[in-house]
Amino acid sequence: MERADETIMPAVYKEVGQDLGASPSQLGYLSFIRAFTQSVSSPLAGILSLRYSRPSVIGFGTLFWAVSTIGVAISQSLFECAIWRSVNGIGLAIVIPSLTSFIADSNSEDGRGLAFGWLNLVACIGGIGGGTVATLLAGHTFGGYAGWRVAHVLIAVVSIFIGLLVYVFVEDPKFSGRTHRKLHEGKDDLGQNHILSISMWKESLHAIRTVLRIRSFQIVVLQGLVGSIPWASMVFFTMWFELIGFGHEGAASLMVIFITGCAFGSLFGGWIADKANRRYPFIGRVMCAQFSSLMSIPFSWFLLLALPQDSKRWSWYAATLACMGLIISWCQACANSPIFADIVHPSHRTMIYAFDRAFEGSFAALAAPTVGILAEQLYGYRVDMVIPETGSKIEAFALSRGLFTVMAIPYALCCLFYTPLYVTYKRDYEAVNKSALLDEEGIYKQAFE
């Protein structure tokens, strides 16, 4: 549902732009506002997870983003929509790091790549559902309400239901043992511990300092700063397909194919990285990530520049997007998420995922506005020349050039920035395992005393 909530707005950019009178750069700012608010709010997830069970944090964040999604649906101006999109980012910020650390704690070191692959697969299913529903409803009205507004309300209602299920039924493995129940007594439900307590903030600051000093974390964040930009710019894919002339159904089906390819690609990438890591410890994951990011450049070139922008070539686009998704989607599942779980103490895992989101998201938030600005100012995109029924080949050409500019260079830098991990990953892994062993010995010594 988190991914569905993220994808519905980009899927209806064209309709929102017509309804609210927004240009591509203004639509890009809607994505920028949500992504930037999400990134700067992400540390909240790490702070809350130190004291409260993650299912309760996830449930609360889900409710928060669902209410803001309804706010987007009832917005009558671009300004109102921007306000609700910023609130939406706060809810997403709370949920995602908590969920990622939950998966890391629930799986062994040798199987985390595959586990994160499954997580991304399920998330992509949500993205397919959200994007497809929004795109198909966008061209219709229901009781006088535009289809894109109805799509937002539907996603919000289902999100509330899922959030309640998580809050009521999911158990946090961090609080499952007797030692942890004693150490965290009274802290397993949101609201039982005062969030403004001095001890909580001291503990949070210590965790933040610990995470930020880890060299491998700094390196992964550096590559993520540039590596997340292409993915953020892909929010314009649906609009680009419609400008070519594929229509709502054709654009929706192409996005389904691409997201499905990314889903299975992430799963395959996580699985192959687990295999590579067992055979080549501490370098196998890095090699897989570099391969995926490097191959993204020729795929982006072929899709955006080499293929004829002709609505009769739907099958060509479908085949390209399927292959592209299978290869370019490895990095998060095969390297980033498993490496983060390996280089910090288990109690700090949510914090490291939260700060990764904070740094990467704030930088990637610039991608969507940049694509819009490049398309308009450099490549000649004209808002008033877009034909809603048939699209516009000239505007599609301009948008594709803007997309490629924002995708190719960051992918090359991303591949390069992974390189120092060949040195730092093993060192940080050994350091955190030594620290965890000392902490465990101290806990058991106190228990016997």
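- In the nomenclature of an unreviewed UniProt entry, the protein is known as Major facilitator superfamily (MFS) profile domain-containing protein of Ceratopteris richardii.
- For the record of the protein, the UniProt heading Sequence similarities (unreviewed entry) holds the text "Belongs to the major facilitator superfamily. Spinster (TC 2.A.1.49) family."
- What UniProt records for the protein under Subcellular location (unreviewed entry) is the sentence "Membrane".

Here we look at the overall build of the protein
Part 1 of the reasoning: Along its length, the protein carries 20 helices and two strands.
Part 2 of the reasoning: In the protein, of all internal contacts separated by at least 6 residues, the share reaching a separation of at least 24 is 84%.
Part 3 of the reasoning: About 19100 Å² of surface is accessible on the protein, with carbon and sulfur atoms providing 67% of the total.

Thoughts on the pattern of salt bridges
Part 1 of the reasoning: Counted under the stated rule, the structure contains six salt bridges.
Part 2 of the reasoning: Where D105 meets R54, a salt bridge forms, and the shortest distance between an N and an O atom there is 2.8 Å. Taken together, the positions of D105 in helix α6 (residues 78-105) and R54 in helix α5 (residues 54-73) put the pair 51 residues apart, joining distant regions of the chain.
Part 3 of the reasoning: A residue is classified by how much of its surface remains accessible, and D105, at 22% relative accessible area, is partly exposed.
Part 4 of the reasoning: D172 is paired through a salt bridge with R54; the nearest N and O atoms lie 2.6 Å apart. Residue D172 is located in the loop between α8 (147-169) and α9 (178-183), and its partner R54 is located in helix α5; the two are separated by 118 residues in the primary sequence.
Part 5 of the reasoning: Residue D172 is classed as buried on the basis of its relative accessible area, which comes to 6%.
Part 6 of the reasoning: Here R54 falls in the buried class, since its relative accessible area comes to 1%.
Part 7 of the reasoning: Three or more residues are tied together by salt bridges with common partners; here these are R54, D105, D172 and R349.

Some words on the packing of helix α3 (residues 24-41) against α6
Part 1 of the reasoning: The N-to-C vectors of α3 and α6 enclose an angle of 35°; their axes lie 7 Å apart at closest approach. In the crossing of α3 with α6, the sense of the turn from one axis to the other is right-handed. Here Q26, L30, S31, I33, R34, T37, Q38 and S41 of α3 lie close against α6, whose contacting residues are L78, C81, A82, R85, S86, N88, G89, I90, L92, A93 and I96.
Part 2 of the reasoning: Residues that form the contact of α3 with α6 fall into these classes: nine nonpolar, eight polar and two charged.

Digging into the environment of S77
Part 1 of the reasoning: Within the element layout of this structure, S77 appears in the loop between α5 and α6.
Part 2 of the reasoning: On the basis of relative accessible area, S77 is assigned to the partly exposed category, the value being 26%.
Part 3 of the reasoning: For the pair formed by S77 and L20, sequence separation is 57 residues and the distance between their alpha carbons is 5.9 Å.
Part 4 of the reasoning: Engagement of the side chain of S77 in a polar contact is seen with the backbone nitrogen of E80, the distance being 3.2 Å.

A word on a nonpolar patch on the surface
Part 1 of the reasoning: A surface patch of nonpolar side chains, about 730 Å² in accessible area, is lined by M1, V158, F161, I162, L165, Y167, V168 and F169.
Part 2 of the reasoning: Mapped onto the fold, F161 is located in helix α8.

Side note on the environment of V256
Part 1 of the reasoning: With respect to the helices and strands, the residue V256 is situated in helix α13 (residues 247-279).
Part 2 of the reasoning: Expressed as a C-alpha distance, the spacing of V256 and A318, which sit 62 residues apart in the sequence, is 9.5 Å.
Part 3 of the reasoning: Residues contacting V256, with those up to four places away along its chain left out, are I128 and T132.

What to know about the nonpolar core
Part 1 of the reasoning: If you look at the biggest cluster of nonpolar residues, it comprises 100 residues, and the most contacted ones within it are F237, W240 and F241.
Part 2 of the reasoning: The leading source of residues in this core is α13, at 10 residues.
Part 3 of the reasoning: Once residues within four sequence positions are removed from consideration, F241 is found in contact with F246, A251, L254, M255, Y317 and L321.
Part 4 of the reasoning: Core analysis: the second largest hydrophobic core is formed by eight residues, I58, L92, I96 and V166 among them.

Quick word on unusual backbone geometry
Residues other than glycine predominantly adopt negative phi, and peptide bonds predominantly adopt the trans conformation.
Part 1 of the reasoning: Of note in this structure, F282 is not a glycine but carries a positive phi near 70°.
Part 2 of the reasoning: Secondary-structure assignment places F282 in the loop between α13 and α14 (284-306).

The rules behind these values
Residues numbered from 1 in each chain as written. Predicted model: local features only at pLDDT ≥ 70, side-chain atom pairs only at ≥ 80, totals over all residues. Heavy atoms only, no water. UniProt positions renumbered as here; feature names shortened; annotations may be inferred. Helix = DSSP H or I, 4+ residues; strand = E, 2+ residues; numbered from the N terminus. Contact = heavy atoms within 4.5 Å. Areas by Shrake-Rupley, 256 points an atom, 1.4 Å probe, with all protein chains shown as cover. Salt bridge = Lys/Arg side-chain N within 4 Å of Asp/Glu carboxyl O. Buried < 20%, exposed > 50% of the residue type's maximum accessible area, 1.4 Å probe, protein only. Axes fitted to C-alpha atoms, helices over the stretch in contact; angles between N-to-C directions. Left-handed = near helix turned anticlockwise from the far one by under 90°. Nonpolar A, V, L, I, M, F, W, Y, C, P; charged D, E, K, R; others polar. Polar contact = N/O pair within 3.5 Å; in protein donor to acceptor, adjacent residues only side chain to side chain. Patch = residues over 30% accessible without salt bridge, like charges linked within 9 Å, V, L, I, M, F, W, Y side chains within 5 Å. Core = buried A, V, L, I, M, F, W, Y, C linked by side-chain atoms within 4.5 Å.

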